[in-house]
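Analysis of the macromolecular model
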Protein chains: 2
Amino acid sequence: MFSPLIEDLIRALRCLPGVGPKSAQRMAMYLLEKDRDAAGLLASTLQQAVEKVGRCNRCRTLTEQDVCSLCSSTRRDHSLLCVVETPADVLAIEQAGNYHGLYFVLHGHLSPIDGVGPADLGLDVLGERFGNDEIAELIIATNPTVEGEATAQFIAERARAKGVSVSRIAHGVPIGGELEYIDGGTLAHAFNSRTVL
Amino acid sequence: MFSPLIEDLIRALRCLPGVGPKSAQRMAMYLLEKDRDAAGLLASTLQQAVEKVGRCNRCRTLTEQDVCSLCSSTRRDHSLLCVVETPADVLAIEQAGNYHGLYFVLHGHLSPIDGVGPADLGLDVLGERFGNDEIAELIIATNPTVEGEATAQFIAERARAKGVSVSRIAHGVPIGGELEYIDGGTLAHAFNSRTVL
Ligand SMILES: [Zn+2]
Ligand SMILES: [Zn+2]
């Protein structure tokens, strides 16, 4: 229906998460019909980001810098290290606003079936930071899934073997959550992890 | 929170219609974390489209060709010309599937307050096609808004003055629509435009 190049653009826009055929069409029309300047800026910014954004040498989060702004900040507590699966997890924790240590981003979790082993998650790099009294506490914030738990256990064992204190963030009923809407697995975990009042 | 280039990318993604700050973040993370190839393809396709997509010399729809595939098709009825406001309107009518003539895309409507006059809508180009017996019927499908109606009247007068038959698509209660949910303006129009059974 559209010309070949416009069809290519609609197809390329569909790679975006949450964008179906209708939204992709609407986006293509908007970019070409209403805002060519924004479209050109998006194209060049995306091209630059694809070329230049890599991983922080210290924490592996996404950045175009060698060492990210968190790792190089003197205002953060460098004795606390929080392990997360993705850069989006860093953002979520930063937005909560009460953690002031550093992060280590795995970019995934251990998954032997997909061929994802310790080296793919940077666990060799992480291990080098365990022996030298740099880290007072390692806080593991991988997802409460089977793979996330297995990854947490693996990292915890390695850290404890080097004398590092390890903790896991709490899982249970969300604050403000209503019991009747919480899934059974979460509820079972909340009961098993109950604390004495 | 993110590095400058990633913040730039999130800001650039927000130019897309229907994309707020949260979705833009999610899109940026997805493109950089999960699918760099798709991101690179989107960047280069968008860049090409911005550079190469212009307007069809005949109907002014968006295309990278000199004359679009509809205008150059021998399977369309070249004696019918349907005037629409946007390329998206062409798509909507094509998807309905029962019109087989050609189109003329205004890319807007007359709006003296915004400085949009007849020349901006290509009405001089359209007018050149009126005198030469090329068009048996001009079907005006501008939107049923104040500006769309004024534009329709303006075009209709010019066409009739050159002896071209002019029609306007019908407006009223949508097929399958329930009266109680139709707005008052549409309902009033439907009563005024009632036909004898
Ligand atoms: Zn870092
Ligand atoms: Zn055309």
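Scroll up for the structure.
Presented here is a report on the structure given in the accompanying data block. Here the structure is a predicted model, which is why all the values come from computation and not from measurement.

1. Brief notes about the relation of the copies chain B and chain A
- Overlaying chain B with chain A gives an RMSD of 0.1 Å, the required rotation being 180° about an axis along which the chain moves by 0.0 Å. Given the turn and translation reported, the copies of this chain are related as if by a two-fold rotation axis. Considering only C-alpha atoms, the part of chain B nearest the rotation axis is B:Ala43, at 2.2 Å.
- Interface overlap between copies is the fraction of interface residues in one copy that are interface residues in the other; for chain B against chain A it reaches 100%, indicating a shared surface.

2. Here we look at the coordination of the zinc ion (ligand 1)
- Summarising the metal site, the zinc ion (ligand 1) is bound by the protein donors A:Cys56 (SG), A:Cys59 (SG), A:Cys68 (SG) and A:Cys71 (SG), whose distances to it range over 2.3 Å.
- One can describe the site at the zinc ion (ligand 1) as tetrahedral: its four donor atoms subtend angles covering 103 to 118° at the metal.

3. Some thoughts on the coordination of the zinc ion (ligand 2)
Residues and elements named next belong to chain B.
- Within the first shell, the zinc ion (ligand 2) binds the protein through Cys56 (SG), Cys59 (SG), Cys68 (SG) and Cys71 (SG), at distances of 2.3 Å.
- Within one chain, the residues serving as donors to the zinc ion (ligand 2) are arranged as C-x2-C-x8-C-x2-C. Of this pair, Cys56 sits in the loop between strand S1 (54-55) and strand S2 (62-63) while Cys71 is found in the loop between S2 and strand S3 (77-84), placing the two residues 15 residues apart along the sequence. In this pair, the class of Cys56 matches that of Cys71, namely buried.

4. Brief notes about the sheet that holds S3(B)
Residues and elements named next belong to chain B.
- With respect to topology, four strands assemble into an open sheet ordered S4-S3-S5-S6, the strand pairing being parallel. The open sheet terminates on both sides in strands that have one partner only, identified here as strand S4 (101-105) and strand S6 (165-168). Between one strand axis and the next, the sheet turns by 25° as a mean value, whatever way the strands run.
- As defined by bridge partners, S3 adjoins strand S5 (residues 137-140) across four bridges and the pair is classed as parallel. Opposite Leu80, over in S5, you have Glu137 as the bridge partner.
- Of the strands in this sheet, S3 and S4 touch helix H4 (residues 87-96), which is tilted by about 160° from S4.
- The strands touched by helix H6 (residues 146-161) within the sheet are S3, S5 and S6, with S6 carrying the most contacts at an inclination of about 165°.

What counts, and where the lines are drawn
- Residues numbered from 1 in each chain as written.
- Chains lettered and ligands numbered in written order.
- Predicted model: local features only at pLDDT ≥ 70, side-chain atom pairs only at ≥ 80, totals over all residues.
- Heavy atoms only, no water.
- Least-squares fit on C-alpha atoms with pLDDT ≥ 70 in both.
- Contact = heavy atoms within 4.5 Å.
- Donors = N, O, S within 2.8 Å, 3.2 Å for Na, K, Ca; no water.
- Tetrahedral: all angles 85-135°; square planar, octahedral: opposite > 155°, others 65-115°.
- Helix = DSSP H or I, 4+ residues; strand = E, 2+ residues; numbered from the N terminus.
- Buried < 20%, exposed > 50% of the residue type's maximum accessible area, 1.4 Å probe, protein only.
- Pairing = 2+ DSSP bridges.
- Axes fitted to C-alpha atoms, helices over the stretch in contact; angles between N-to-C directions.

As far as function goes, none of this settles anything; it's purely spatial.
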